[in-house]
Amino acid sequence: MDPEQLRQYLSFYQDLGFTSLYRRERKEAAPQELEEQAAMPILPVVPPLAPEGETLEQIRADIGDCRRCRLHEARHSIVFGSGNEQAKVVFVGEGPGADEDAQGLPFVGRAGQLLTQMIEGTAKREGIPLLRRDVYICNVVKCRPPENRTPEPDEMEICGQFLFRQLVAIHPKAICALGATAARALLGRKEGVTRLRGNWYKWRDIPLMVTYHPSYLLRPYNQDAKREAWEDLKKVLHFVYD
Ligand code: SF4
């Protein structure tokens, strides 16, 4: 790693809120090993991205007035997430839309209203006492992509670190990925939702279900998808609350 790469590396982690790094000590070694070691680059050891015991408040403070990716240019608000910090289930969408950008809250537009209906309606029908405020809802990227385009891979990678830290801080019993972008960010899989939905996967040690994004379900010709999304949600709620 050359000095410029190292400088960029360190400033990236500094932006994420880390203030100290350490280097591995080299062990006593035979002369030949010493020569080999001298030829090897010394890599910094970075701390884990989610320091133990980190709270959502600390993660939000780390984000600050973030300009780490180009999505900051057109945003009005950083949409961090909302809901219960000790939620048993976290819903992850793609990114804020116009309403969310204006209000600074996730899923408050038409798709958000549908998500609320889905969560509360399914829970009620299944006899589970659950309201939207009992779950946690957030997105892969925290700033609205222009014209609601899909976030670029580098934007997802940079902002996704905050999502991962949120998930580690909450440590829910299950995650529900809404749409292909959330599935890609959390599972690294590029298949469409139709192929992935309805099955359990894992993000680290947490069971994860993929289903359709509510904005896809708002299209009038997607009645079958709506039924499938309700089935997926039923599975998630029973897994978490039974
Ligand atoms: S999308 Fe995320 S990384 Fe990019 S500017 Fe917004 S908060 Fe920062």
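Keep in mind that what you see is a predicted model, and the values were worked out from it rather than measured.

The rules behind each value
Residues numbered from 1 in each chain as written. Predicted model: local features only at pLDDT ≥ 70, side-chain atom pairs only at ≥ 80, totals over all residues. Heavy atoms only, no water. pLDDT = per-residue confidence, 0-100. Contact = heavy atoms within 4.5 Å. Buried < 20%, exposed > 50% of the residue type's maximum accessible area, 1.4 Å probe, protein only. Helix = DSSP H or I, 4+ residues; strand = E, 2+ residues; numbered from the N terminus. Pairing = 2+ DSSP bridges. Near = heavy atom within 4 Å. Nonpolar A, V, L, I, M, F, W, Y, C, P; charged D, E, K, R; others polar. Polar contact = N/O pair within 3.5 Å; in protein donor to acceptor, adjacent residues only side chain to side chain. Core = buried A, V, L, I, M, F, W, Y, C linked by side-chain atoms within 4.5 Å. Axes fitted to C-alpha atoms, helices over the stretch in contact; angles between N-to-C directions.

Segments scoring low in pLDDT should not have their predicted coordinates read at a detailed level. Averaged over the chain, the pLDDT score is 88; the fraction of residues at 70 or greater is 80%. Taken as a whole, residues 41-48 scores under 50 in pLDDT and shows 17 contacts with residues more than four places along the chain or in a different chain.

Across the five residues that make up strand β4 (residues 174-178), a large majority, five, are buried. Judged by which residues are buried, β4 turns out to be covered on both faces: A174, C176 and L178 on one side and I175 and A177 on the other are all buried. When strand β2 (residues 89-93) meets β4, the two strands line up parallel, connected through four bridges. Looking at the pairing, V90 lines up with I175 of β4. In the sheet, β4 pairs with strand β6 (residues 206-211) via four bridges, with the strands oriented parallel. Paired with L178 across the strands is T211, a residue of β6.

Moving on to unusual backbone geometry. Within the chain, F107 stands out as a residue other than glycine whose phi angle is a positive 50 degrees. The buried category is assigned to F107, whose relative accessible area is 5%. In this structure, R204 takes a positive phi of about 50 degrees despite not being glycine. Here R204 lies in the loop between β5 (200-203) and β6.

By nearness alone, every residue bordering the ligand is listed as C66, C69, L71, H72, R75, K142, C143, I158 and C159. Within the shell around the ligand, the residues separate by chemical class into six nonpolar, one polar and two charged.

Within β6, six of the six residues are buried, which leaves the element mostly enclosed by the surrounding structure. As judged from the four bridges shared by β5 and β6, these two strands associate in the antiparallel manner. By the bridge assignment, Y201 is partnered in β6 with L208. Hairpin connection from β5 to β6: two residues lie between these consecutive antiparallel strands, with R204 at a positive phi of about 50 degrees.

Attention now goes to the side chain of T211. When you line up the elements, T211 lands in strand β6. Here the side chain of T211 touches D232 through a polar contact of 2.6 Å, side chain to side chain. With residues near it in sequence (within four places) discarded, T211 still touches C176, A177, L178, G179, V193, R197, A229 and D232.

This brings us to the nonpolar core. Grouped together as the largest cluster of nonpolar side chains are 62 residues, with contacts concentrated most on F91, V92, L186 and V210. In terms of residues, this core owes the most to one element, helix α6 (residues 153-170), which gives eight residues.

Here we take up the sheet that holds β2. Read from one edge of the open sheet, six strands run β1-β3-β2-β4-β6-β5, paired in mixed fashion. What marks the edges here is a single partner per strand, and that holds for β1 (82-83) and β5. Most of the contacts of helix α7 (residues 180-187) go to β4, to which it runs at about 135 degrees, and overall it touches β2, β4, β5 and β6. The strands touched by helix α10 (residues 223-241) are β2, β4, β5 and β6; relative to β6, the strand with the most contacts, the crossing angle is about 165 degrees.

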